[in-house]
Each structure stands twice: as structure tokens, then as C-alpha cells.
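Each chain is listed here by its residues.
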Amino acid sequence: MELALILTAITLGLGTSLHCIGMCGPIAFSLGLSAEKGWEASAKNLLYQLGRVTTYAFLGALVGLVGKGFSLAGFQNYLSIFMGILMVLLVLIPRFQMGQRFVDRYFGHLLIRVKSRLASYLRKRSYPALYITGILNGLLPCGPVYIALAAALATASFFQGIIFMILFGLGTIPLMYATVLFGNVVTASTRQRILRLMPIVTMLVGILFILRGLELGIPYISPPPDTLDINNPACCSGMEN
């Protein structure tokens, strides 16, 4: 995976973890791990966090497969440019945000079942229950996750889609981990100030994918067309022995 994509995924995860506290904070507080002490509380917390990352990886695999289909059809660059433009529009035209309405319309019944199961597992404190809680938590509607999935789709690769979403999930862990153990570690006013940067981050990610699709030959940002072409002798000459 390109270095720019790795840094983008981690940065997106770190930045949006503030949004996670606002949206998923009540779930994190409901785990009750802040009242427990020692390594057991830390281990349970880690299982919950890894449950979320597991879901993100699964979703990354799905969108990566879709993106791979576009790539095989010869539309990888167009897909990257389109998803980049979409991210920019989400910032410039707030009312253009249709993701939540789409999810509610087509997946409403499924989400009701997920929330019901989540509520039942929140009452448990076993290791498997906390891991499953994290998995279910990752299925809940979340704007930043939609943005990350759009980026994973634009990678047009099954494995890169998985890796991108894993890195995104890992980026959300530090602040969410601290929140589960110690409560709300960031004040509401601080969170609001930092969240104002998220539109900027989203736009930068969108611009990155537009440049990536244009193949302008900019190192690490917009690779030339033959960089990943396995039929290009220059690409693979170092592999011949």
C-alpha cells in the first residue's frame, strides 16, 4: 500500500476518534470497565476495541471487492477521482450528505436488530461478550466510517481495502481505549474545537484521491500510470533472478 494511503487511514482514524467519543461514548461508558482495575480491565477493553476493528476490516473487504471490480473493468482511476470529488462535495455541500438516509431506508430493520443484540451484550462482562459488543458497535451508522469506506473503495483492491480499514480502526483505538477506562478524557468544548478540523481532513483526503486517479507522477501522492503495471518491464525487473 502507498505511504500516502497508510498515513491517510491512520490520520483519519485518529481525527475521527473524537467523533467516536460523542457518538459511541455512551456505549463505552456502559461497559463499566472504568470501575475495574488491573490487567483484566485492560484486556477486556482491548477485546472490545478489536471487535470494532474486526468489523471495519470486514467492511473494508466488501468495498475492496467492489472497487476491484471497477479496477478489472478499467475504471480504477475514474473511481478514485469520483470518490475524491464526492468527499469534497460532502464538505462543500453539507446537505449533500445522503449516507445516513440511505442506511436508514435500506438497512433500518437490520440496524434495529443490531441495536437490540448490542443492548443484550452490554449487560454481560465476559471476554467473548465484549468482543461481540465491539463487532456490533462497528456496524452502527457512523459518518467518519462512511468516509473511510469511500476511501477504501477507491483503493480498488480487496487487500488494500482491508488494510486501510484496519489502519483506520487502529487510529481510533488510543482515545477510545482511554475513554473506556477513564471516562470522558476530552471536554466537550475541546472536542468541538478539534472536530471543526474534520471537514478539512475530509477535503484533503478527497483531493488526495483525485490526484491519485489523475496519475500526475507526483511521488507518494499521484503515482505515474506504469508504477503498478505488472506488464511493465521496469516495474518488475528487480524481481527477476
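Residues numbered from 1 in each chain as written. Predicted model: local features only at pLDDT ≥ 70, side-chain atom pairs only at ≥ 80, totals over all residues. Heavy atoms only, no water.

**Student:** It is not clear to me how the side chain of N137 should be interpreted in this structure. Could you clarify?
**Tutor:** Positionally, N137 belongs in helix α5 (residues 127–137). Judged by relative accessible area, N137 falls into the buried class, the value being 3%. Of note is the side chain of N137, whose polar atom sits 2.4 Å from the side chain of Y48. (Helix = DSSP H or I, 4+ residues; strand = E, 2+ residues; numbered from the N terminus. Buried < 20%, exposed > 50% of the residue type's maximum accessible area, 1.4 Å probe, protein only. Polar contact = N/O pair within 3.5 Å; in protein donor to acceptor, adjacent residues only side chain to side chain.)

**Student:** What's the story with unusual backbone geometry in this structure? I'm lost.
**Tutor:** Working note: non-glycine residues mostly have negative phi, and peptide bonds are mostly trans. Although it is not a glycine, A156 sits at a positive phi angle of roughly 55°. Among the secondary structure elements, A156 is positioned in the loop between α6 (143–154) and α7 (158–182). For A156, a relative accessible area of 4% translates into the label buried.

**Student:** I'm lost on the packing of helix α3 (residues 76–92) against α6 in this one. Help?
**Tutor:** If you want to describe how two helices pack, look at the angle between their axes and the distance between the axes. The interhelical angle for the contact between α3 and α6, taken along N-to-C directions, is 165°, at an axis separation of 8 Å. With respect to α6, the element α3 is oriented roughly antiparallel. Classified by chirality, the crossing of α6 by α3 is left-handed. The residues of α6 that touch α3, namely those facing L79, S80, M83 and M87, are I147, A150, A151, L153 and A154. For the contact of α3 with α6, the class distribution of residues is eight nonpolar, one polar and no charged. (Axes fitted to C-alpha atoms, helices over the stretch in contact; angles between N-to-C directions. Parallel < 35°, antiparallel > 145°, perpendicular 65-115°, else oblique. Left-handed = near helix turned anticlockwise from the far one by under 90°. Contact = heavy atoms within 4.5 Å. Nonpolar A, V, L, I, M, F, W, Y, C, P; charged D, E, K, R; others polar.)

**Student:** Can you help me understand the packing of aromatic side chains in this one?
**Tutor:** For any pair of aromatic rings, the description rests on two quantities: the centre-to-centre distance and the angle between the ring planes. Enumeration according to the criterion identifies three aromatic pairs in this entry. Here K44 stacks its cationic end above the ring of Y127, 5.7 Å away from the centre of that ring. (Phe/Tyr/Trp six-rings, centres within 6.5 Å; stacked < 30°, edge-to-face > 60°. Lys NZ or Arg CZ within 6 Å of the ring centre and 35° of its normal.)

**Student:** Got a minute to help me understand the environment of V205 in this structure?
**Tutor:** Mapped onto the elements, V205 comes out in helix α9 (residues 198–214). Each C-alpha atom, one on V205 and one on M87, is 7.6 Å from the other, the two residues being 118 residues apart in sequence. Dropping the residues within four chain positions of it, V205 is found in contact with T8, M87 and A151.

**Student:** I keep staring at the packing of α6 against α7 and nothing clicks. Help me out?
**Tutor:** Remark: α6 packs on α7, axes separated minimally by 9 Å, with the N-to-C direction vectors making an angle of 150°. One element, α6, and the other, α7, form an angle in the roughly antiparallel class. For the pair α6 and α7, the sense of crossing is right-handed. The residues of α7 that touch α6, namely those facing P144, V145, A148, L149, A151 and A152, are G161, F164, M165 and F168.

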